[in-house]
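The lines below spell out each chain.
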Amino acid sequence: MIGIALLVALMLFTIGLPYRSTRAFEEQANSISRTHEVMALTSGVMLALLDAETGQRGFLLTGNDEFLRPYDAAVLRLDAILAKLKEKTKDNPAQLSRSKTLVALSAARLASLNQGVVLRRQNPQEASAFIAAGSGKLQMDAIRQHAADMEKVERDLLDLRERTFAASYQGIVTMTLAAGALSLLTVGVLVWVLRRRTLRLRLSEQFNRSLMDGTTDCVKVLDLDGRLLYMNNPGLSAMEIGDFTSMYKREWEALWPAEAQADIERSVTRAAGGEVSSFDAYCPTDSGTPKWWAVTVSPVQDGEGGRVVRVLSVSRDVTERRRAEDAVRDNQLFARQVLDNLIAFVGVLTVDGTLIDLNRAPLEVAGISASDVLGKNFWDCYWWSYSTDVQLQLRGACERAAAGEVVRYDVPVRMAAEAPLWIDFQLSPLRDTEGRITHLIASGMDISERRAATTKLLESEERLRAATAAVSELIWTNSSDGLMNADQPGWSEFTGQSPQEYRGYGWSNAVHPDDAPQTIVAWNLAVAEKRPFVFEHRVRRRDGAWRLCSVRALPIFNPDGGIREWVGVHADITDRKRDEEKLRQLAADLSEAGHRKDEFLATLAHELRNPMAPLLNGLQLIKLAGGNLATIERVRSLMERQLTQMVRLVDDLMDVNRISQGKLELRKERLSLATALDSALEATRPLIGQMDQTLTVIFPEEPLILDADMTRLAQVFLNLLNNAAKYTERGGHIQLNVERDGSDAVVVVKDSGIGIAAEQLPRIFRMFAQVDQSLGKSQGGLGIGLSLVKRLVDMHGGSVEARSDGLGQGSEFIVRLPLMTDAQRPQLARASDAPAAAMPSLRILVVDDNRDSANSMTALLEIMGNDIRTAYDGQEGVDMAEAYRPDAILLDIGLPKLNGYEACRRIREQPWGKRAMLIALTGWGQDEDRQLSHEAGFDHHLVKPVDLQALITILAGVNAAPATS
């Protein structure tokens, strides 16, 4: 029994120990397989990027959307490969980090490729420049280097794991020998099976099937003699092979045309020797479809000693790329042929002015070769070497063009026979897709004949000017039948028409289109009746200006009574007519100004006398009242109102005078629009109440912050509200509506009053303008209030508009004022922001990740006598609130670690948090933001920059709790 027990124990030991070692052995085999998969996936990334780049280049060069199909397919495939790569490297933090970097680099390259597609759709020339710039090369180099680094790491891991694998194998053999022959045989068989399954099954099935079918390339596995053992499914599809069975064990070389077989045989031989070969070759598919392939042939080594056991061939379909490259070459050849056939000069310079390319024409006319000028400073080349001044001028032009300017001027150039040739010369900067200047383009066109003709024309014009200098009128002659056939230098000088243009009735083209028909009719009538022609019409001067001319023409008769010719004179009377019109307008303006002055003085006298009468009456009442305090108080109130009216009249007059002289300065400050409106409403309510009128005021919930003068802005709205009250019947309705429109605040004052006639609207804001001057409806005023309103609003950068549907339909005045942006809103404490009433000293917690905002609010609240704590993120705020137990918490919403909503909820969950006042202090002020704050448990929602008075009012309602330790 003991022997049997020992035998059983020995068998258990010989079975259990190898089993444990075998499990470790299998894990090492799995690691080797994953390493191979990572290396293959890294290569797959490069292949997918190259496919995408090939498709994108084809589209950029041809504009054909067919090229985007392989591009889009490569992008989708790349996403899948990158996701799988991250999955396979998740157990290796360093490689996982490299995988993420490879993902980022690939995304950047795809973004660059997509930018090229967008540029090609928008502007083919920019797409060509995009290709020439080669901006993607640095990206691809970075990706190749990163992929190579990852592959090197995996190869190092592979070497280590293969050595560990071999050591594990040796340990299993050693333990098996020690356990006995039977155990050795069992373990040996197990190790052989595991090794065969790990090295062959995993490397063959997992690697080949999953990886090779995951690429669009044609992947083949060959034996060392070049016979086909395997072809992936995409490869079968690309080669249009229905079943691989017919290809198994066939010579790979036999599938290729005769001219490519030498390369195939050589690459297989080199791969069998451990070398990698790459080449491009033509090979039609099994169905005869012509295709070009980029072929890479590499060895496949076993895990022991690097022995080559198979040959791997990866063939990529580059047919479209070849077509695109052929198209590029054809386009370049075509462009070169076009340039060389131009008779103009075209050259390409570097930014520093070195000539690097040019067309054939300037070389032939100068009798020089390209080697004489290429690589030299442009200004030192043969064409300019005859003059130092010309060279300096050209050098300066190159510097200006390099700075981004297009430079153009006429210049003589040196030719073969030393004869100068004038050219219209231009230097332009050439920019890449990012706007950087990469080259300068020089161009020139022979203008020698044009210049000679211009010189002759100038000489002729000079003689004409000398001949007609003695007269200021335009003199012309016509034939007896009324046609302008002879040369007319005066007409050409004035209109710019050439003889060919003014011949016959061509002169009428220089007459204004509205005047030409009547001119021709009147001229033909004068010619037919042989009587003098007198007319006025507009003629286009050579500078394009229309000039009013007085025309007079007389017929010159032959002795027989027939007309020999007509002689006419055009006198430019534009300035005279303009002066006459100015005089008429000035007289009208002076008359209007005098009339308005008289009206103003009369109105001023009336307006000043109106308050004087009750003031005098009041003085008499005070004398007669004796000690009656009630009567004296009524009289005092009456006199105060009338004095206020007089002061306002004088102030308005002074303000208008200051604005007219540019002496009125605004004292701007950060101001709530509501503050100015409240001031105006407070001042105008007595008048509205006196008229038994209804006033409706609509303010928005959000504060509208302006950079404005409080006093002047209140003055604007007081004038508008007073006008509305004065020109609205008793018991009428006045509405004040305030809203935000984009970056503007809009204030609308609308009434149901007497309205404004349509003809009065355009001048309603003029000085001394009166809406209704009838005695029955006179409401007082100097007619300067609305003028003052417009000028003050203009000074604030705003606008004011008056609307009315007519008399009796009421009126509407719309004031638009620019709001302050967030960047313009200083967080300043002002005297006007001080609390109206004292508030209790509170324990307050301020939570805001903007330290400046948090610290400034803390300082402000401390000055008011409160005990303040400050936190800079949500979690810190919750923790500090737990320890501090504040009376009130000012909590930002967009906080790190824990947002304001969640922080509020956690505080409210605590017993002590239910009594605290929680105030959301945030930049988010929409209705939905306020709803979210309410749902989270906030008591109030204030929008930054906070209205200090509003905050103080809220804090004044907090009941301070006894301090706790």
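Residues numbered from 1 in each chain as written. Predicted model: local features only at pLDDT ≥ 70, side-chain atom pairs only at ≥ 80, totals over all residues. Heavy atoms only, no water.

Looking at an unreviewed UniProt entry, one finds the protein chain named histidine kinase and attributed to Actimicrobium antarcticum. The annotation that UniProt attaches to the protein chain under Catalytic activity (unreviewed entry) is "ATP + protein L-histidine = ADP + protein N-phospho-L-histidine." (UniProt positions renumbered as here; feature names shortened; annotations may be inferred.)

Student: Where do I start with the overall build of the protein chain in this structure?
Tutor: Each helix and strand in the protein chain was counted, giving 25 helices and 26 strands. By residue count, 41% of the 965 residues in the protein chain fall in the buried class. Within the protein chain, contacts between residues separated by at least 24 positions form 59% of all contacts whose residues are at least 6 apart in sequence. Summing over all exposed atoms, the protein chain offers an accessible surface of approximately 51300 Å²; the carbon and sulfur share of this is 55%. (Helix = DSSP H or I, 4+ residues; strand = E, 2+ residues; numbered from the N terminus. Buried < 20%, exposed > 50% of the residue type's maximum accessible area, 1.4 Å probe, protein only. Contact = heavy atoms within 4.5 Å. Areas by Shrake-Rupley, 256 points an atom, 1.4 Å probe, with all protein chains shown as cover.)

Student: I keep staring at the nonpolar core and nothing clicks. Help me out?
Tutor: Here is a general trend for soluble globular proteins: nonpolar side chains tend to be buried in one another's company. In this structure, L673, L706, L713, F717, L720, V747 and V815 are the most contacted members of the largest nonpolar core, which totals 38 residues. Elements represented by at least two residues in this core include exactly α18 (673-690), β17 (705-708), α19 (710-726), β18 (733-741), β19 (744-751), α20 (785-795), β20 (799-803) and β21 (811-818). With 8 residues, the top contributor of residues to this core is α19. Setting aside chain neighbours within four positions, we find V747 in contact with L673, L677, F717, L736, N737, V738, F813, I814 and V815. L355, L358, Y382 and I423 belong to the second-largest nonpolar core, a separate cluster that totals 29 residues. (Core = buried A, V, L, I, M, F, W, Y, C linked by side-chain atoms within 4.5 Å.)

Student: Sorry if this is basic, but what is going on with the side chain of R316 here?
Tutor: Locating R316 in the fold gives a position in strand β5 (residues 308-317). Apart from the residues within four sequence positions on either side, R316 is in contact with L47, A48, L50, D51, D217, W292, W293 and A294.

Student: I'm lost on the sheet that holds strand β25 (residues 917-922) in this one. Help?
Tutor: Strand order across the open sheet formed by 5 strands is β23-β22-β24-β25-β26, with parallel pairing between neighbours. Because the sheet does not close on itself, it has two edges, and the strands there are β23 (867-871) and β26 (940-943). Between one strand axis and the next, the sheet turns by 20 degrees as a mean value, whatever way the strands run. For strand β24 (residues 888-891) and β25, the ladder comprises 4 bridges, and the chain directions are parallel. (Pairing = 2+ DSSP bridges. Axes fitted to C-alpha atoms, helices over the stretch in contact; angles between N-to-C directions.)

Student: Just to check I follow, could you spell out the packing of α18 against α19 for this structure?
Tutor: The angle between the axes and the distance between the axes are what describe a pair of packed helices. Viewed as axis vectors pointing N to C, α18 and α19 meet at an angle of 35 degrees, and their least axial separation amounts to 8 Å. Here α18 and α19 pass one another in a crossing that is right-handed. Together, L673, T675, A676, L677, S679, A680, L681, A683, T684, L687 and I688 of α18 and M710, L713, A714, F717, L718, L721, N722, A725 and K726 of α19 make up the contact between the two elements. Classifying every residue of the contact of α18 with α19 by side-chain character gives 15 nonpolar, 4 polar and 1 charged. (Left-handed = near helix turned anticlockwise from the far one by under 90°. Nonpolar A, V, L, I, M, F, W, Y, C, P; charged D, E, K, R; others polar.)

Student: Got a minute to help me understand the pattern of salt bridges in this structure?
Tutor: Evaluated as defined, the whole model comprises 45 salt bridges. The partner of R266 in a salt bridge is D263, with the nearest N and O atoms 2.4 Å apart. Here D263 and R266 lie together in helix α8 (residues 258-272), a separation of 3 residues that amounts to about one turn. Judged by its relative accessible area of 45%, R266 falls in the partly exposed class. Measuring nitrogen to oxygen at the nearest pair gives 2.5 Å for the salt bridge that ties R531 to E529. Here the salt bridges do not stand alone but share partners, grouping D51, R77, D217 and R316 into one network. (Salt bridge = Lys/Arg side-chain N within 4 Å of Asp/Glu carboxyl O.)

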